[in-house]
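# A structural walkthrough
Spelled out, the chains give:
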Amino acid sequence: MVVGDFANEVDVLVVGGGPGGYVAAIRAAQLGRKVTLVDKGELGGVCLNRGCIPSKALITAAERVQQIKEADRMGIRVNGDIAVDLPELMNWKDGVVKKLTGGVGTLLKGNKVDVIKGEAYFSGPDTVRIATEKDSQTYQFKDCIIATGSRPVELPSLPFDGKRILSSTEILSLQELPKRLLVVGGGYIGLELGTAYRKLGSEVTILEGTDSLLPGVDPSLVRMVTRKLKKLGVTVVTGAMVQGGESSEDEVRVTAQVKGEEKTYAADVVLVAVGRKPNTDELGLEQVGIQLDERGFIKVDKQLRTSVPHIYAIGDVAGGALLAHKASYEGKVAAEVIAGMPSEVDVRAMPFVIFSDPEIAYTGLTEQEAKEKGYDPVVSRFAFQANGRALTMDSADGFAQVVADKESKQILGVQIVGPEASTLISEAVLAIEMGANAEDVSLSVHAHPTLPEAVMEAAEGVLGQAIHMVKK
Ligand SMILES: Cc1cc2nc3c(=O)[nH]c(=O)nc-3n(C[C@H](O)[C@H](O)[C@H](O)COP(=O)(O)OP(=O)(O)OC[C@H]3O[C@@H](n4cnc5c(N)ncnc54)[C@H](O)[C@@H]3O)c2cc1C
């Protein structure tokens, strides 16, 4: 410490203002702690500024274009071209982001959380050095929550250049629609953004290294999406290992080994979406002795404590599912533990959502996982083709599927591919968390005509009594 530089004392210091950090700060403040939150960037973190929110805004706009194109089926004639003014679209999206990040600031202020814009660096087990634009000061904390999130993984053979070789951040703010977009990585980020740009008018090719899109997701759900991508005119190349690429004045060329053969793909822009890595490297964690796992994520226990007990880690930086709602949930748990409550991470049904077309959402166990856990599962699938609301929405591809224990009929997992799967999954999460069985869901009256009726009928199917599905 520099002479004359007295440490500022704080109760709870939260490092990072993303969905993990800001939620943790608010919850800790609700519980009576004096909280300081530091973020080097904008409040809201990746999710609000360059993740969930901007990508969903873009997906909505692209889907609107698609619906106009397909309105003809309903006898709605749209004469003339559909023009997409990309800078204006991006302005609208930025407005949505601004409204939400502004809201986070207001909430933090309303909860009397001190917010500092600066970069935090651990200088000891209970001190952090915060460098702001104008100075650098030491803060001494009683408890600290690390919520520094993650960033895109760069391919050394295809490094980001901000012009033609882009990460998800830049692709979310393009001012000009690329004629040809190449997406490296068929995970959810590449798939969501590739589909959106296709609907906005780009020619899109997705290169995926494994032999299927969305590796790790139930293939029966993925199949529906792959079929739709084909219909939309997206080229999907699986088994494609990217070797490298080169940019010139007017294009970028990427080479890949595709099933033993070298192929070259030319495009205006390449989106590299091959994964994310934790922001642990520039934090001074080594000064404190905080342990990382073999992939660089901070190791935590069920109470989100790191190997240094009064320092907690939540969200992307703590590994597991890199999802905003998981980060926020952990933020609440960590804040409660700090306040002396007996909280711990205890999730039976984490929802996973992919905003593809159609949407995919799942929670709990798949049939396979249920078997591995020693259950004797029964699976019931209800197709949206037999759901009145889906047909009236002109969006009836897909199904809702319930995995239940054969004997007790307890619901173990739900998988949905279809319209509004992202919304429908919430009922499944509640059902599983409440220990509901198929009868509980089937006896709950679902409004008609609505999409959730498909989940109800899948549950009825477990009992062998679905009305709009003939028993096989
Ligand atoms: C394109 C895209 C789409 C996504 N879509 C979804 C989705 O639909 N649903 C979903 O659940 N998830 C989605 N995600 C993932 C989601 O954004 C993350 O899981 C979530 O943001 C993690 O929250 P976090 O609080 O852990 O960290 P982050 O949101 O990454 O926030 C970390 C914060 O810490 C700050 N920080 C880092 N280091 C320091 C330091 N040394 N000092 C001070 N501040 C620091 C950063 O500035 C940042 O604001 C998406 C991600 C991407 C990239």
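As recorded by an unreviewed UniProt entry, the protein chain carries the name Dihydrolipoyl dehydrogenase and is attributed to Planifilum fimeticola. Check the Catalytic activity (unreviewed entry) section of the UniProt entry for the protein chain; it says "N(6)-[(R)-dihydrolipoyl]-L-lysyl-[protein] + NAD(+) = N(6)-[(R)-lipoyl]-L-lysyl-[protein] + NADH + H(+)".

## Section: helix α14 (residues 452-462)
It helps to recall that an α-helix has 3.6 residues per turn; residues three or four apart then point in one direction. Counting buried residues along α14, nine of its eleven residues qualify, which places the element largely inside the surrounding structure. When α14 is considered as a whole, its buried residues turn out to be Glu453, Ala454, Val455, Met456, Glu457, Ala458, Ala459, Glu460 and Val462. Those residues of α14 that are buried are in contact with β20 (377-383), β21 (399-405), β22 (411-418), α12 (421-433) and α13 (438-443). Looking one or two residues beyond α14, the residue adopting positive phi is glycine 464, at roughly 75 degrees.

## With respect to the packing of aromatic side chains
The relation between two aromatic rings is expressed through the spacing of the ring centres and the mutual angle of the planes. This structure, assessed with the given rule, holds two aromatic pairs. Centroid distance phenylalanine 122 to phenylalanine 141: 6.2 Å. Interplanar angle 90 degrees. Geometry classified as edge-to-face. Here phenylalanine 122 is found in strand β4 (residues 119-124), whereas its partner phenylalanine 141 is found in strand β6 (residues 136-146), with 19 residues between them in sequence. Their ring planes at 5 degrees and their centres at 5.2 Å tell us that phenylalanine 352 and tyrosine 362 sit as a pair that is stacked. Of the two residues, phenylalanine 352 sits in strand β18 (residues 352-354) while tyrosine 362 sits in strand β19 (residues 359-364), which places them ten residues apart along the sequence. Taking the relative accessible area as the measure of exposure, phenylalanine 352 reaches 29% and is therefore partly exposed. Its guanidinium or amino end placed over the ring of phenylalanine 399, arginine 381 lies 3.7 Å from that ring's centre, counting from NZ or CZ.

## Here's the deal with the site of the ligand
The ligand sits among 40 residues. The nearest are Gly20, Asp39, Lys56, Asp316 and Ala324. Starting from 1,000 Å² of accessible surface for the ligand in isolation, the protein chains cover 96%. Of all the secondary structure elements, the ones that give two or more residues to the shell around the ligand are β2 (35-39), α2 (45-50), α3 (52-70), β4, α6 (188-200) and α9 (324-338). A per-element tally of the shell around the ligand places α2 first, with four residues. Grouping the constituent residues of the shell around the ligand by class yields 16 nonpolar, 16 polar and eight charged. When we break the shell around the ligand down by domain, the ones giving at least three residues each are domain 1 (8-152 + 277-339) and domain 2 (165-274).

## Brief notes about α6
When the terminal C-alpha atoms of α6 are compared, their 18 Å separation across 13 residues agrees well with the 18 Å that a helix rising 1.5 Å per residue should span. Counting buried positions over the 13 residues of α6 gives ten, a clear majority of the element. Within α6, burial applies to Gly190, Leu191, Glu192, Leu193, Gly194, Thr195, Ala196, Tyr197, Lys199 and Leu200. Positive phi appears at glycine 201, one or two residues downstream of α6, with a value of about 125 degrees.

Thresholds, definitions, all that
- Residues numbered from 1 in each chain as written.
- Predicted model: local features only at pLDDT ≥ 70, side-chain atom pairs only at ≥ 80, totals over all residues.
- Heavy atoms only, no water.
- UniProt positions renumbered as here; feature names shortened; annotations may be inferred.
- Buried < 20%, exposed > 50% of the residue type's maximum accessible area, 1.4 Å probe, protein only.
- Helix = DSSP H or I, 4+ residues; strand = E, 2+ residues; numbered from the N terminus.
- Contact = heavy atoms within 4.5 Å.
- Phe/Tyr/Trp six-rings, centres within 6.5 Å; stacked < 30°, edge-to-face > 60°.
- Lys NZ or Arg CZ within 6 Å of the ring centre and 35° of its normal.
- Near = heavy atom within 4 Å.
- Areas by Shrake-Rupley, 256 points an atom, 1.4 Å probe, with all protein chains shown as cover.
- Nonpolar A, V, L, I, M, F, W, Y, C, P; charged D, E, K, R; others polar.
- Domains from an automatic or database assignment.
- Expected span 1.5 Å × (residues − 1).

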